[in-house]
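# Working through the structure, step by step
Below are the chains, spelled out letter by letter.
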Amino acid sequence: MTRVAIALGSNLGDRLGNLRAAVAALEEVGVAVVRRSFAWETPPVPADQPPFLNAAVLGETSLPPAPLLAALKGIEHALGRRPGRRWGPRPIDLDILFYGDLHLETPDLTIPHPRIAERAFVLAPLSEILEGPLPVLGTSALHLLERTGLQGARRLCAL
Ligand code: A4P
Ligand code: MG
């Protein structure tokens, strides 16, 4: 089993319901969810779209990275996501933040996720569920969050 962290984001439809449905679906595809953050309300990047709810979970899985990504895309599709512009509005976005200690760069998959360190909407929920250093990055989410600041993110409610 490998420890993974997955970021969740939603800014269309029933945002909290989408996050909760995605966590339930993770269990069904073979990711045992060990910890879950609160839902955080975060300003959208770029700004011309509705605000997001973001969250993060830690899980254990025996799925290899590529099948895990395929499973996440399957959940996104099942929850109504259809291809749209990059960084555009979506009912659900599921990103692999890290996968064990793996460092991977392929055309389809970059692990750890390349934009963790600059985004409060990832770091704030992640800091709630992971105290120690992030794999590969070697620094804690809280330490990185002290550098970025909250960027308007606010903790909303339990997932
Ligand atoms: N991909 C590569 N590495 C990964 C990974 N570690 N995890 C590839 C997941 N996918 C990964 O993703 C595009 C492609 O990235 C995938 O096909 C996969 O092969 P996508 O989910 O289809 O599109 P996207 O989410 O628009 O692109 P991307 O690059 O994942 O965007 P980000 O960086 O996730 O940003 N503002 C707020 N407040 N909250 C948000 O959650 N999210 C985004 C998306 C922008 N602004 C936001 C938020
Ligand atoms: Mg994504």
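Check the entry above for the structure.
Let me begin by describing the structure that accompanies this report. (Residues numbered from 1 in each chain as written. Chains lettered and ligands numbered in written order. Predicted model: local features only at pLDDT ≥ 70, side-chain atom pairs only at ≥ 80, totals over all residues. Heavy atoms only, no water.)

## Thoughts on the overall build of the protein chain
- Tallying secondary structure elements over the protein chain gives 4 helices and 8 strands in all.
- In sequence order, the secondary structure elements of the protein chain are arranged as β-α-β-β-β-α-β-β-β-α-α-β.
- A compact globule built from 159 residues would reach a C-alpha radius of gyration of about 15 Å, and the protein chain, at 14 Å, matches this within 12%.
- When burial is assessed residue by residue, the protein chain has 48% of its 159 residues classed as buried.
- Long-range contacts, defined here as pairs at least 24 residues apart, represent 72% of the contacts in the protein chain between residues at least 6 apart.
- Working note: accessible area of the protein chain is about 7,600 Å², and carbon and sulfur atoms make up 56% of it.
- For the protein chain, the distance from the average site of its 16 positive side-chain charges to the average site of its 16 negative ones is 5 Å. (Helix = DSSP H or I, 4+ residues; strand = E, 2+ residues; numbered from the N terminus. Rg over C-alpha atoms; globule rule 2.2 N^0.38 Å. Buried < 20%, exposed > 50% of the residue type's maximum accessible area, 1.4 Å probe, protein only. Contact = heavy atoms within 4.5 Å. Areas by Shrake-Rupley, 256 points an atom, 1.4 Å probe, with all protein chains shown as cover. Lys, Arg positive; Asp, Glu negative; His and termini not counted. Charge placed at Lys NZ, Arg CZ, Asp CG, Glu CD.)

## With respect to the environment of Thr-2
- Relative to the helices and strands, Thr-2 resides in strand β1 (residues 2–10).
- For Thr-2, a relative accessible area of 21% gives the class partly exposed.
- The sequence separation of Thr-2 and Pro-64 amounts to 62 residues, and the corresponding C-alpha distance is 8.8 Å.
- Ignoring sequence-local partners within four residues, the contact set of Thr-2 consists of Gly-59, Glu-60, Thr-61, Tyr-99 and Gly-100.

## Considering the site of ligand 1
- In the vicinity of ligand 1 there are 22 residues, among which Val-45, Lys-73, Arg-90, Asp-108 and Arg-119 approach most closely.
- Between a nitrogen atom of ligand 1 and a main-chain N or O atom of Val-45, the distance comes to 2.5 Å.
- The contact in question runs from an oxygen atom of ligand 1 to an N or O atom on the side chain of Asn-54, over 2.8 Å.
- The fraction of the free accessible surface of ligand 1 (870 Å²) that becomes covered by protein chains is 86%.
- More than half of the atoms of ligand 1 fall within 2 Å of the grid points belonging to the largest pocket.
- Looking at the shell around ligand 1, the elements that each hand over two or more residues are β4 (52–61), α2 (65–78) and β5 (93–99).
- Here the shell around ligand 1 takes 3 residues from β5, the largest share from any one element.
- By residue class, the composition of the shell around ligand 1 is 9 nonpolar, 4 polar and 9 charged. (Near = heavy atom within 4 Å. Polar contact = N/O pair within 3.5 Å; in protein donor to acceptor, adjacent residues only side chain to side chain. 1 Å grid on protein atoms, 1.4 Å probe; cavity = no way out; pocket = protein on both sides within 12 Å on 5 of 7 lines; lining within 4 Å. Sits in = over half its atoms within 2 Å of the grid points. Nonpolar A, V, L, I, M, F, W, Y, C, P; charged D, E, K, R; others polar.)

## Topic: the nonpolar core
- Counting 26 residues, the largest nonpolar core has Ile-6, Leu-8, Leu-19, Leu-26, Leu-94 and Ile-96 as the members making the most contacts within it.
- Counting residues per element, the ones that place at least two in this core are β1, α1 (15–29), β2 (31–36), β4, α2 and β5.
- The biggest single contributor to this core is α1, with 6 residues.
- Of all hydrophobic cores here, the second largest spans 21 residues; its members include Trp-40, Leu-97, Phe-121 and Val-122. (Core = buried A, V, L, I, M, F, W, Y, C linked by side-chain atoms within 4.5 Å.)

## Concerning the environment of Gly-149
- Relative to the assigned elements, Gly-149 resides in the loop between α4 (141–148) and β8 (154–158).
- The class of Gly-149 is partly exposed, set by a relative accessible area of 26%.
- It is 28 Å that separates the C-alpha atoms of Gly-149 and Glu-105, two residues lying 44 residues apart in sequence.

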